[in-house]
Amino acid sequence: EKEEVRDIYRAKGFEGELLEQVVAVITADKDRWVDTMMKEELEMIPERKSPFKIGGVTFLSFLVIGLIPLLAYLFKGEDASMESLFLLSCLMTGVAFIMIGWLKAYVTQTSRWRAILETVLLGASAAALAYIVGDWLEKIVAG
């Protein structure tokens, strides 16, 4: 790890005794060392936004995205079958997962296709598990 700090500051133009002094000062304090590695090596900057705002946005996003599978049932027509509503709900949810994956790729600056695929697979797995557990619970309650 000390060599990584040395490489980082060597790349910034430090050399010789000054480089060794910089490395010694940074690595002498564990918190400073971790902070330096997070900023310089991992390019991670501490979050300065309010946790309450982040939590509020997360909660609101959860509610809005969570309503998407229900929209097909809320606005169903007179002649809509349960099977067609379920398929429409699955399709709308799949589109929502694709949008979330795309946004995830934008925020994390990673591959769009990978982020979309991960999100769709994770969402589909969670939905399948929820469906299986719901079906199992219904059988237990119905007796």
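Keep in mind that this is a model prediction, so the values were computed, not measured.

Undergrad: Which parts of the structure should I look at to understand the nonpolar core?
TA: Side chains that are nonpolar tend, in soluble globular proteins, to be buried together. Ranked by size, the top nonpolar core spans eight residues in total: Val5, Ile8, Tyr9, Leu19, Val22, Val23, Ile26 and Met37. Looking at this core, the elements with two or more residues in it are α1 (2–11) and α2 (16–28). Take this core: its biggest share by element is four residues, from α2. Look past the residues within four positions of Val22 in its chain and what remains in contact with it is Tyr9 and Phe14.

Undergrad: Quick question: what am I supposed to make of the packing of aromatic side chains here?
TA: Two numbers describe a pair of aromatic rings. These are the distance of the centres and the angle of the planes. Counted according to the given criterion, the structure contains three aromatic pairs. With centroids separated by 5.9 Å and ring planes inclined at 45°, the aromatic side chains of Phe86 and Tyr131 adopt a geometry described as tilted. Highlighted residues: Phe86 in helix α5 (residues 82–108) and Tyr131 in helix α6 (residues 112–142), separated in sequence by 45 residues. We classify Phe86 as partly exposed; its relative accessible area is 39%. Accessibility expressed as a relative area gives 55% for Tyr131, which makes it exposed.

Undergrad: When you look at the packing of α5 against α6 in this model, what are you seeing that I'm missing?
TA: Two numbers describe a pair of packed helices, the interaxial angle and the distance between the axes. Put simply, α5 and α6 touch, their axes get as near as 8 Å, and they point 140° apart. What the angle tells us is that α5 and α6 run oblique. Both α5 and α6 take part in a crossing whose hand is right-handed. Seen from α5, the contacting residues are Phe86, Phe97, Ile98, Ile100, Gly101, Trp102, Lys104 and Ala105; seen from α6, they are Arg112, Ala115, Ile116, Glu118, Thr119, Val120, Gly123, Ala124 and Tyr131.

Quick notes on the rules
- Residues numbered from 1 in each chain as written.
- Predicted model: local features only at pLDDT ≥ 70, side-chain atom pairs only at ≥ 80, totals over all residues.
- Heavy atoms only, no water.
- Core = buried A, V, L, I, M, F, W, Y, C linked by side-chain atoms within 4.5 Å.
- Buried < 20%, exposed > 50% of the residue type's maximum accessible area, 1.4 Å probe, protein only.
- Helix = DSSP H or I, 4+ residues; strand = E, 2+ residues; numbered from the N terminus.
- Contact = heavy atoms within 4.5 Å.
- Phe/Tyr/Trp six-rings, centres within 6.5 Å; stacked < 30°, edge-to-face > 60°.
- Axes fitted to C-alpha atoms, helices over the stretch in contact; angles between N-to-C directions.
- Parallel < 35°, antiparallel > 145°, perpendicular 65-115°, else oblique.
- Left-handed = near helix turned anticlockwise from the far one by under 90°.

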